[in-house]
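Given next are the chains, with one letter for each unit.
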Amino acid sequence: MKHLGSNGCFRWFVWFALVVSCAGLFEDQIGKFDWRQQYVGKIIHGAFDTTSVDRIIVATESNVLAALSAKTGEILWRQILESGSRGEVKLLQVTNPSATGARLSRGNLGHDVITVTGSLPALVRGWNSNSGTLEWEWSLLPAVAEEAALDAVWFEHDGLLYHVVPVWGSHLEVTPYQAVSGQQARAMTSRIAASWTAKERCSLAGTFFVCASKEQLLALDLVSDGSSSILSKPLGSEAVGRPRPVRGEAAVIQNGRYYSLSSDQKLVFGSKDAALVDRTVQGEEPILLQGTVDRVNGRLIINAHRLRDFVRFDAIEFSVDYSETLGDPELIGVRCKQSTSGSPSSRSASLVCRILLSAEDGAIVLIQQGKIKWVREEALAEVSTADFLDLTLSDAEGAIEEELNNKNAEENGLEWDVFGALQRRIASQALHVKNVFLQILGIGPAPSKAQRAGLVRDDFGLHKMLIVVTASGKVFGIDNVSGKHHWIRYLPTFTGFANGQPMKLLVQRTSRFYPLAAQCVVLGRDRTISQNGLLYIFNPITGQPISGGGVIELPYRVQQVALLHETGPDFLKGLLLLDYNNQVHVVPESLAPQADNFHLFTAHHRTAQMSGFLVQYREAPGSSKGELITTPSWQIDLSGGSKRQQIVACEGKSPIEHVHSQGRVMADRSVLYKYINPNLVAVATHGLDSIHRFIMNVHLVDVVSGSIVFSMSHKRVRPPLHMVHSENWLVYSYYNDKARRTEITSIELYEGKTQTNSTVWSSLDAPPLPMVERQSYILPMAVASLKETITEKGITSKHILIGLSTGAVAEMSWALLDPRRPVTSPEKAREEGIIPYMPELPLPHEILINYNQTVANIRGMHTAPSGLESTCLVLVHGLDLFVTRVSPSKTFDLLKEDFDYFLITIVLIVLTTTSCVVKQLASKKIVKQAWK
């Protein structure tokens, strides 16, 4: 046999590598069924890059350092820093290489941007503004208490970085450092007495540490060479809130006035006016820019003054249209250049300025020459909740639906006849043909607004409207196919609830009840002192509010909310609201009778107390109106014997979920029936045990009867905890502190081989405790979110979507998470198709549904059924948005993309022709035989 040399081995290796790499996504399929939108978050620091005319450097609340294009607003590069307080950007300094010599001697590889992030430790880093690469870094671990380190602030002055640690009510500790080397510039840390400081009343303005104290401003210059004397500014009235520093100058805005800390200048300001001081517009002359929003006329007015004498600077004053969907602005930066216009003989120079704004809702706005050049909707970097909704019918389908509605009405009135139906059908078809003919001639009726925007339901229900509610109170209507923002609404008074729960999005009526429009409601909490509930009722397809302005102010604080099970005469589901006095309310009030015998529950995460309530409707004697009465039905204490347990997760089942199969066929052909309790809620508690080790308990609670169906404990585990609850199973992930790894546990509940009731479930007459199958697995990566797939009828197999900390989303089959996977593989398990147990779960690249479209900082996922039973729509949100569709059981109800229509057409024609010819020949043969 001929010996295979090294070249032959290399050829075989290359060939094998190419064969293996063939499995993947086709290039023409990228972006066909999915899209991704990248964001950076709300700006906290920003500046125009001095080394480029088309670059803006920003640092955001989402712990992101990025460069944006000043022309288009696109992200040029983005660096995602550490999560939590470790990645909080406390200082962003964009250096000027020609002026400061900060660029290193390596050409374009030197640092142009300096950032300071975190507190314990604080990381000082130098970045290259061209590519966003990290050039150097050094860390500082201050020898102070953790609380004091978190309140520390930084500023730059004369090439030094100053670290300021306030010890509230006592003193300030100031330490200067060399920016690049990290060496301490002074031998000792300066301690400046400041007994007048308070945590919520102070801020840093330039080199001054300033606090609002009663009716005055008190400030200290932290870089003064002489003795640190306290600067006092009388306010004339009690100080409200903390001083608001002015970017670019040692000045603050307090009680509606501009106060300079380096001079005696004062200027009247509005309570929401924005201010910025810039020294690049006219040489070194400081120019004060003031931004005022006129909400009545929808205008943003920019005024400019010379700071030394407050004389107006008309060169950059303008007024621009400002949409009501944008919050109050904050001026981030300005950059101007001289522009020449006119003929060569009469050429004149004028200033062309770009102004960068950060709106209160998170939007980033760039204004150029008095017009908004671009807007980035950064509110989508903080998504609270979302949902997919069906679009409206087209005009032709709407006409057919109206015809069917008329038919049903006549059937109910016993007036329907076949001739009337034929007449209506002919008239409808004739009108349809007429409209088509007129459309061809260009003189037909104008299409509806929804049709012009392409918001029409498709045949397979894959085209939907994605409603997204953000933490800043902004609501978006997004096309799930193209990613286009069809409408935007801003609710500035809305915020999440005090217990950390986000705002709620509830669907009261879908688009299926033609001609009635769909209706949704956003439930939030008022930002004011009252903290009462707020409702925003709107049409999810058009975004238009319903019932006047759409916002309803509730006279009570909301503790719990639920949708009623039954609809009213207009197919509208009512809202059942529970206030903190344990009284229930229904919106609209006309649907109150449908809340009779409704069960509610509450869960308090700090005390780990759960309570159940029964709502009953009683008619008042002598009155047409009744009243709703709330009766406590049960209460559970899950805090444990040490009273240290707190609820960290509470997960119920999806209200739109359908269970197709009620049992599981065993190897002996018997059926193991599922324990399908629609009232079952999974509750996880976490805390310290008696020996001060972390322990997590998982309880399955029937929230109608208050009984605990099953409980399980995990010792020495920590959050983050993510949970999915569906059908008869529960899956949750956690971090095993002992083994130092991420684990995932699955639980299945079964009634047994006999089913108590196959038609109706009653928690008050529940079957015996279920059989429980449970198993744990090891994941090679940390989990950021969990979600199950869902389809229209529940026929398709369930898959688990696992959002990983790396930004990938894995679609894992339930067969891998099945708790009945045996340690060995007996014959019964093989006949049932159960995979043998292995503790490690594989994560091959083939199961990643977002391939190379990484979603940074995944915080949640949302799934919804489509019109196809095989397909599920998926939204992944974090710092980015990613929308796609998955088919857990493949597209068994849809033809493939490469289906050969030409071949099947030829085959059908040949078979049809052959059958006709054979039929004729057979008939002739029968006739001939008859004459014999």
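Residues numbered from 1 in each chain as written. Predicted model: local features only at pLDDT ≥ 70, side-chain atom pairs only at ≥ 80, totals over all residues. Heavy atoms only, no water.

A. Inspection of the environment of I790 at higher detail. By secondary structure assignment, the location of I790 is in the loop between β55 (783–788) and β56 (799–804). In this structure the C-alpha to C-alpha distance between I790 and H862, which are 72 residues apart in sequence, comes to 10.0 Å. Setting aside anything within four residues of it in sequence, one finds I790 in contact with S654, I656, E657, K798, T863, A864, P865 and C872. (Helix = DSSP H or I, 4+ residues; strand = E, 2+ residues; numbered from the N terminus. Contact = heavy atoms within 4.5 Å.)

B. Focus on the packing of aromatic side chains. Per the counting criterion, the structure on display carries 13 aromatic pairs. Ring centres of W487 and F538 lie 5.8 Å apart, and the angle between their planes is 65 degrees; this geometry places the pair in the edge-to-face category. Residue W487 is found in strand β33 (residues 485–490), and its partner F538 is found in strand β37 (residues 533–538); the two are separated by 51 residues along the sequence. Neither W487 nor F538 differs from the other in exposure class; each is buried. Note on F899 and Y901: the rings are 5.0 Å apart at their centroids and 75 degrees apart in plane angle, and the pair reads as edge-to-face. Site record: aromatic cluster; members linked through ring pairs are W138, W154 and Y177. Geometry around Y580 places R557 over its ring, the cationic atom sitting 4.6 Å from the centre. (Phe/Tyr/Trp six-rings, centres within 6.5 Å; stacked < 30°, edge-to-face > 60°. Buried < 20%, exposed > 50% of the residue type's maximum accessible area, 1.4 Å probe, protein only. Lys NZ or Arg CZ within 6 Å of the ring centre and 35° of its normal.)

C. Region of interest: the sheet that holds strand β2 (residues 43–48). Taken in spatial order, the four strands of this open sheet run β2-β3-β4-β5, and their pairing is antiparallel. Since the sheet does not close on itself, it has two edges, and those belong to β2 and β5 (75–80), each with one partner. In this sheet, neighbouring strand axes are inclined to one another by 15 degrees on average, regardless of whether the strands run parallel or antiparallel. Where strand β3 (residues 56–60) and strand β4 (residues 64–68) come together, four bridges link them in antiparallel fashion. By the bridge assignment for β4, A59 is matched with L65. (Pairing = 2+ DSSP bridges. Axes fitted to C-alpha atoms, helices over the stretch in contact; angles between N-to-C directions.)

D. Representation of the side chain of S472. Positionally, S472 belongs in the loop between β31 (464–470) and β32 (474–479). The contacts of S472, once residues within four sequence positions are left out, are D361, A379, Y490, L491 and R527.

E. Region of the structure containing the state of the cysteines. Scanning all chains against the criterion turns up two disulfides. Paired by a disulfide, C202 and C211 hold their sulfur atoms 1.8 Å apart. Between C202 and C211 the disulfide shows an S-S torsion of about 110 degrees. By sign, it is right-handed. Each member of the pair, C202 as well as C211, is classed as buried. Ordering the disulfide-forming cysteines of the protein chain by sequence position, one finds them joined as 1-2, 3-4. (Disulfide = S-S within 2.5 Å.)

F. Here's a closer look at the pairing of strand β47 (residues 671–674). Every second residue of β47 is oriented toward a common face, the buried set being L672 and K674 and the non-buried set V671 and Y673. With antiparallel pairing between neighbouring strands as the criterion, strand β46 (residues 663–665) and β47 make up a hairpin whose turn holds five residues, including R669 at a positive phi of roughly 70 degrees. In terms of strand pairing, β47 meets strand β53 (residues 741–752) through two bridges, oriented antiparallel. Each residue of the ladder has a partner; that of K674, found in β53, is Y750.

G. The arrangement of the pattern of salt bridges in detail. Throughout the structure, instances matching the rule amount to 33 salt bridges. Between R78 and D880 there is a salt bridge whose closest N-O contact spans 2.8 Å. Of the two residues, R78 sits in strand β5 while D880 sits in the loop between β59 (872–877) and β60 (881–886), which places them 802 residues apart along the sequence. D880 matches R78 in its accessibility class, with the two residues each being buried. (Salt bridge = Lys/Arg side-chain N within 4 Å of Asp/Glu carboxyl O.)

H. Structural context of the nonpolar core. Of all hydrophobic cores here, the largest spans 36 residues; its most connected members are I56, L356, L466, V468, I478 and L881. Leaving out residues up to four positions away in the same chain, I478 has contacts with W35, L380, K464, M465, L466, V468, G483, K484, H485 and L881. Counting 24 residues, the second-largest nonpolar core is a separate cluster that includes A274, L289, I316 and I355. (Core = buried A, V, L, I, M, F, W, Y, C linked by side-chain atoms within 4.5 Å.)

I. The sheet that holds strand β15 (residues 208–213), seen in detail. Read across the open sheet, the four strands follow the order β14-β15-β16-β17; overall the sheet is antiparallel. In this open sheet, the two strands that pair with only one neighbour each are β14 (202–205) and β17 (231–234). Going across the sheet, the axis of each strand differs from the next one's by a mean of 25 degrees, ignoring polarity. The pairing of β15 with strand β16 (residues 216–221) spans six bridges and is classified as antiparallel.

By themselves these figures say nothing about function.
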